[in-house]
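Residue strings, one per chain:
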Amino acid sequence: IEQVHGRLQEERKARELHHGATRDLIASEKERRDVAHANIEERLTILEGAFSDLSEKYARELNDAKNNHTSHVEQVRVYQTRHSTVEERIKYMENWFQTFRPQ
């Protein structure tokens with residue numbers, strides 16, 4: 001009986017040791033996951049801020065590009081109008097020179 005009792009005591013100590021090691025392993029894994037989770041949340045916050053800043057920047061740049069395009073279109077219309085009047089004036093002068101007869 002004492003042998004069985006001794007073996008049971010040894011097994012009990014081994015189990016307690018194994019249980020303690022397993023508990024420590026689980027605790028360290030939980031701590032590691034908590035740290036990793038916090039790091040992921042921080043990184044996501046940084047990424048969200050960066051994406052927000054970039055989207056605002058690109059929205060402003062797109063708006064500026066649209067405004068510049070509108071301004072450019074207006075300038076082209078002005079130059080086309082001026083060009084047609086210059087063209088009309090040149091045609092008038094050409095016609096005048098063609099019909100000009102010195103006396």
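Residues numbered from 1 in each chain as written. Predicted model: local features only at pLDDT ≥ 70, side-chain atom pairs only at ≥ 80, totals over all residues. Heavy atoms only, no water.

Thoughts on the pattern of salt bridges
Working step 1: Following the criterion strictly, the structure yields three salt bridges and no others.
Working step 2: Where Arg32 meets Glu29, a salt bridge forms, and the shortest distance between an N and an O atom there is 2.9 Å. Taken as a pair, Arg32 and Glu29 lie in helix H1 (residues 2–99) at a separation of three residues, close to a single helical turn.
Working step 3: Residue Glu29 is classed as partly exposed on the basis of its relative accessible area of 30%.
Working step 4: The residue Lys30 makes a salt bridge to Asp34 at a minimum N-O spacing of 3.2 Å. Here Asp34 and Lys30 lie together in helix H1, a separation of four residues that amounts to about one turn.
Working step 5: The class of Asp34 is partly exposed, set by a relative accessible area of 42%. (Salt bridge = Lys/Arg side-chain N within 4 Å of Asp/Glu carboxyl O. Helix = DSSP H or I, 4+ residues; strand = E, 2+ residues; numbered from the N terminus. Buried < 20%, exposed > 50% of the residue type's maximum accessible area, 1.4 Å probe, protein only.)

Some details on the packing of aromatic side chains
Working step 1: Enumeration according to the criterion identifies one aromatic pair in this entry.
Working step 2: With centroids separated by 5.0 Å and ring planes inclined at 75 degrees, the aromatic side chains of Trp96 and Phe97 adopt a geometry described as edge-to-face.
Working step 3: A residue is classified by how much of its surface remains accessible, and Trp96, at 40% relative accessible area, is partly exposed.
Working step 4: Judged by its relative accessible area of 54%, Phe97 is exposed. (Phe/Tyr/Trp six-rings, centres within 6.5 Å; stacked < 30°, edge-to-face > 60°.)

Considerations on the environment of Glu48
Working step 1: Mapped onto the fold, Glu48 is located in helix H1.
Working step 2: On a C-alpha basis, the gap between Glu48 and Ile26 in space is 32 Å, while along the polypeptide they are 22 residues apart.

Focus on a nonpolar patch on the surface
Working step 1: Together, Ile40, Leu44, Leu47, Phe51, Leu54 and Tyr58 line one region of the surface with nonpolar side chains, adding up to about 600 Å² of accessible area.
Working step 2: Turning to its location among the elements, Leu54 is positioned in helix H1. (Patch = residues over 30% accessible without salt bridge, like charges linked within 9 Å, V, L, I, M, F, W, Y side chains within 5 Å. Areas by Shrake-Rupley, 256 points an atom, 1.4 Å probe, with all protein chains shown as cover.)

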